[in-house]
Amino acid sequence: MKVVGARIPRYDGVAHVTGRTTYVDDVRVPGTLWAKACRSPHHHAAITSIDTSKAESMPGVHAVITWKDVPLLEYGHLSALGIPADEPLLARDEVRYLGQPIALVAAASEAQAAAAVDAIEVGFEERPALLDVRQAFDADAPKIHQWGNWYPHFENEMDRRQIRKGDIDWAFENADTIVQGVYRPAAIEHAPVETQVCQVVPEPDGRLTIYSCTQALYFSLGVVAAHLQQPLNRFKLVGGTTGGGFGGKVDTATETMTCLLVLKSGRPVKWRWTREEEFLCSSTRAPWHMELATAVTKDGWILGQKMLTLHDSGAYARFSPYGLTKHSFHHTGAYSIPNLHFDGYVVFTNRTPTTAMRGFGVTSVSFAVETHLNRIANELGIDQVEIRMKNANRIGDTSPNGIAYTDPSTIDTLKAIADAIGHELPADYRTMTNEPRAGELLPEHLVSQVGSTEGH
Amino acid sequence: MAVASMAVDAATEILMPSSEDEAIAAFGDGADVVVVGGGTIVVPDMTYRRLRPSKALMLGRAGLSGITKDGSRVTIGATTPVQELTEMAAPIGPCASNVADLEIRSQGTVGGNLCAGEGSEAPRGDLQGAFLAVGATARSAAGGDVTEEPLEDFLAKRGERLLLSVSFDEPAAGAFAGLDRPHTHDYTALAVSGARATDGTLRLAATGAGSWGARLLSAEAAAGDPAAAGEAALQDVSPRDDALASAWYRTKVLPVLVRRVLTELKESA
Amino acid sequence: MNLTVNGVAREIDGSALAPLLDVLRDELGITGPKAGCHQGGCGSCTVLVDGEPRRSCLVPAGYAEGTQITTVEGMGPPEDLSPVQQAFVHYYAAQCGFCTSGMLLAAQAYIDRGGTDDPEAIQHALAGHVCRCTGYSKIIDAIAAAARGDSFDLTTTAVGKHTTMSNGGAA
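Owing to the predicted nature of the structure, the values given are computational and were not obtained by experimental measurement.

Focus on the sheet that holds strand β6 (residues 137–142) of chain B
All names here are of chain B.
- The strand order β4-β5-β8-β6-β7 describes an open sheet built from five strands, whose pairing is antiparallel. In this open sheet, the two strands that pair with only one neighbour each are β4 (67–70) and β7 (145–150). Looking at each pair of strands side by side, their axes are set apart by 20° on average, direction ignored.
- Sheet topology note: the strand β5 (residues 73–77)/strand β8 (residues 162–169) ladder contains five bridges and is antiparallel. Within β8, the residue paired with Val74 across the bridge is Phe168.
- Lying over the sheet, helix α1 (residues 20–27) contacts β6, β7 and β8, oriented at roughly 125° with respect to β8.

Following this line, the structure appears as structure tokens:
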């Protein structure tokens, strides 16, 4: 192995420092038209009319598209994972989030496209908006999604991710104390320095060349082909360097809409989002609402945990069911908790749809678990590092969804942290390993965790 | 091939005078004129189509930049870059250093900063507080007539007059205290400037406590007791919620900043 | 309007209010400076105007007339990289690379006016330049190394274990 452990310069380092790396907006194709979007000014409203006639006759305008121009209006990006379609490419009867695209214009200049967008007339009837996940379950909550206010299509048509492990009632009856906490990380905008951008070129042979900043080229190819109802080989996707994505450029729909403008105008088209659009309309990491109740003994054993998660999916499902699934599998963090009661919901609100960002679904639960552990340690008067090592995952312990760990690194990591910060550990902690539990480190409630890593 | 930039509107008449007299004439009575100092505020407003001026008066070549001293009287031309103020004594120096970052300070002008229109998401006019505290006067023109008046009076009609320069007498002592900015491009959420003139007159002013800089007259009256003055300052302002901070937060912090400035001024007596 | 870009005299059409960024990218085809925000908030558009760093998205073309503009394309080519470009390669200071052109020019100007390897001075000079990928520490390490006059082996990288800013510059 020549590369592992070696210090290899980036293959694109020299290109980056000489300004030669080509990002999508650096692709210059003569005759390219500029695209601009007409977007919803409301969180939630019915659309009563869409009139693009004025826009179509404005100077420099070559094409205007609405939902009528889309061969397959709704396509589930993760239908391969069993998540059905719920989101129209362009709004038809209603808008469910501020910034939702309704129509697009392609014109000779950016300014002309923007002026034409201003001339598109959309009739709205505002509806009450649901902006707080906690209210989604109220009897009088506005109903904002055709499936109801939370996603109902997990396996066996479950309306939540549910994990039941061991005997939670036993854990709560035998605890010395129950520690509760509510954790609510807010939405985070990826804010890549490169905004979303796409350039599409019609080729003489009838194919479309798509220059995209997507993080997932083949994925985007499938999405475009599905919405346009065309075979995959109609499109040539050219990726390259994305100017930062962090998960925010995996659900891009710019390619599809730009292709439609190209098909209608016969000209190359570029759509470059402004920074305002990127902040206001692009998908974010989701806000989460997590409630934990943990059954603990006075010497710091975690007997069991109840957890309720509300994941704010925004107006549409996108990848949220997948994110929540990962969240549920990891909801005990780096620690062994044998008795579990977890319910997680993908909740719809009239906010910008949410998506992946750096550790999709898991960063939220890590935040909650770690903060909660400190709360537990403080309440019990136990050292924050020791309580973690005591309850750490060990070889053979199982995850919330029953996967046995073969080589968990919790203990080694905590020892390294203690070392780095000069935190003294007692002798028996200094010698702890991740070997399966035995002796004092195997109290009754953890006997069930001792497992083989072969054939779980 | 001419650039098809979002910022450009073919209908905008561009005026680029090359002297103060030409600038005054071009400004006229200011009707429908947008004044462009360095461009750091106006150009993005045009790019985002918030501003579509029928006339744009670009002052960059009108010779209005520069700092001159006549004894202890300092005069700063309206198109002097903010960066040129950063080494001056408090309050102006630290106030200017607290504006944006090096590149923007080097392009943005004193006049552009002082005359910035009310921002919807954040208070503008970072420098107003410092110049009010040193008792500055503003020389401006409208309809061909040039007037010098207290800065307060000019600010009240800054949309109608063309700022040419500001002047002040160097104070005996000055101080500045402001909230740290979460990001270099945030306008100052809240800052207090104070100065004691050579004749002993004390002036206090805040930026970010309302839509533009305000003298803190009640605080000045109680200046002998910094803590009391801090509380009194709340009578002089109407803080609001915006993207940078809540009104509540500003009312909690303003007395602290006033106290710090007064304490510093006392110690330099 | 006439201006010089990377040593070459250019004539530009259009409005004196057009942002220099749009003139460079759309009229002159110089795509090194990037359109990250078009409001001066990210620094990816920074160019040198008569040797001084400015946000090209904020500079009206009329003010750029008669000046010497330097973009990243006017720094060294691949076969002759300037020290600060070499430093960025060697220190892994560019990941997606979108902020890099602006960072390099601001860094070059900082070094040209006598900037040292003091991390705080570097941060102050480059305040307002946003990077979403690197966390800034390697950018600061690279600029410090270039300011010191270090030489660089571009066949390897100086990827250290810790943020070197915080331990006094040890690589």
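Comments concerning the confidence of the model for chain C
Residue and element names in this part refer to chain C.
- Within chain C, residue pLDDT values average 92, and 92% of them lie at 70 or more.
- Contacts from residues 161–171, a stretch scored under 50 in pLDDT, to residues over four places away or in other chains number 15 contacts.
- Interface confidence for the predicted complex, given as ipTM, is 0.94, next to a pTM of 0.94.

Brief notes about the domain arrangement of chain C
All names here are of chain C.
- On domain assignment, one finds that chain C holds domain 1 (2–74) and domain 2 (78–167).
- On a C-alpha basis, the centroid separation for the pair domain 1 and domain 2 is 23 Å.
- With 16 residues of domain 1 at the interface, the matching set in domain 2 holds twelve residues.
- Of all the elements, strand β3 (residues 46–49) adds the most residues to the side of domain 1 that touches domain 2, at three residues.
- Residue composition of the side of domain 1 that touches domain 2, grouped by class: seven nonpolar, seven polar and two charged.

Here's the deal with the interface of chain A and chain B
- Chain A puts five residues into the contact, and the matching count from chain B is five residues.
- With three residues, the top contributor of residues to the side of chain A that touches chain B is helix α3 (residues 110–118) of chain A.
- Of the residues belonging to the side of chain A that touches chain B, the class tally is two nonpolar, one polar and two charged.

A few points about the domain arrangement of chain B
All names here are of chain B.
- Taken as a whole, chain B is organised into domain 1 (13–58) and domain 2 (67–267).
- Contacts between the two partners involve 13 residues from domain 1 and, on the opposite side, 19 residues from domain 2.
- A total of four residues in the side of domain 1 that touches domain 2 trace back to one element, the largest contributor, which is α1.
- Residue composition of the side of domain 1 that touches domain 2, by class: five nonpolar, six polar and two charged.

Observations regarding the nonpolar core
- Residues A:Val105, B:Val258 and C:Ile143 are the most contacted members of the largest nonpolar core, which totals 223 residues.
- Setting aside residues no more than four positions away along its own chain, B:Val258 makes contact with B:Val192, B:Leu204, B:Leu216, B:Ala219, B:Ala229, B:Gly230 and B:Ala233.
- With 29 residues, the next largest nonpolar core counts A:Ala171, A:Val369, A:Met389 and A:Leu414 among its residues.

Points about the pairing of β7(B)
Residues and elements named next belong to chain B.
- Pairing geometry for β6 and β7, over six bridges, is antiparallel. Bridge pairing links Ala138 to Glu149 in β7.
- Between β6 and β7, which follow one another and run antiparallel, lie two residues, and Gly143 among them has a positive phi close to 60°.

Some words on the interface of chain C and chain B
- With 28 residues of chain C at the interface, the matching set in chain B holds 29 residues.
- Mapped by element, the contributors of at least two residues to the side of chain C that touches chain B are α1 (20–27), β4 (52–55) and α2 (61–64) of chain C.
- Residues of the side of chain C that touches chain B, tallied by class, amount to twelve nonpolar, nine polar and seven charged.

Comments concerning the sheet that holds strand β7 (residues 161–165) of chain A
All names here are of chain A.
- A sheet is described by the order of its strands in space; here five strands give the open sequence β7-β16-β15-β14-β8, paired in mixed fashion. This sheet does not close on itself; its edge strands, each paired only once, are β7 and β8 (177–183). Neighbour-to-neighbour, the strand axes of the sheet open up by a mean angle of 5°, direction not taken into account.
- Examined bridge by bridge, β7 and strand β16 (residues 339–348) share five bridges and lie antiparallel to one another. By the bridge assignment for β16, Lys165 is matched with Leu340.
- On the sheet, helix α8 (residues 320–329) packs against β7, β15 (302–314) and β16 and is oriented at approximately 165° with respect to β16.

Concerning helix α4 (residues 100–112) of chain C
Residue and element names in this part refer to chain C.
- Over its 13 residues, α4 runs 18 Å from end to end, which matches the ideal 18 Å to within 8%, given 1.5 Å per residue.
- The buried fraction of α4 is high, at twelve of 13 residues.
- What α4 keeps buried is the set Thr100, Ser101, Gly102, Met103, Leu104, Leu105, Ala106, Ala107, Gln108, Ala109, Tyr110 and Ile111.
- Residue Gly114 follows α4 closely and has a positive phi angle near 95°.

So, how was this worked out
Residues numbered from 1 in each chain as written. Chains lettered and ligands numbered in written order. Predicted model: local features only at pLDDT ≥ 70, side-chain atom pairs only at ≥ 80, totals over all residues. Pairing = 2+ DSSP bridges. Helix = DSSP H or I, 4+ residues; strand = E, 2+ residues; numbered from the N terminus. Axes fitted to C-alpha atoms, helices over the stretch in contact; angles between N-to-C directions. Contact = placed C-beta atoms within 7 Å. pLDDT = per-residue confidence, 0-100. Domains from an automatic or database assignment. Nonpolar A, V, L, I, M, F, W, Y, C, P; charged D, E, K, R; others polar. Core = buried A, V, L, I, M, F, W, Y, C linked by C-beta atoms within 7 Å. Buried ≥ 20, exposed ≤ 12 C-beta atoms within 10 Å, placed from the backbone. Expected span 1.5 Å × (residues − 1).

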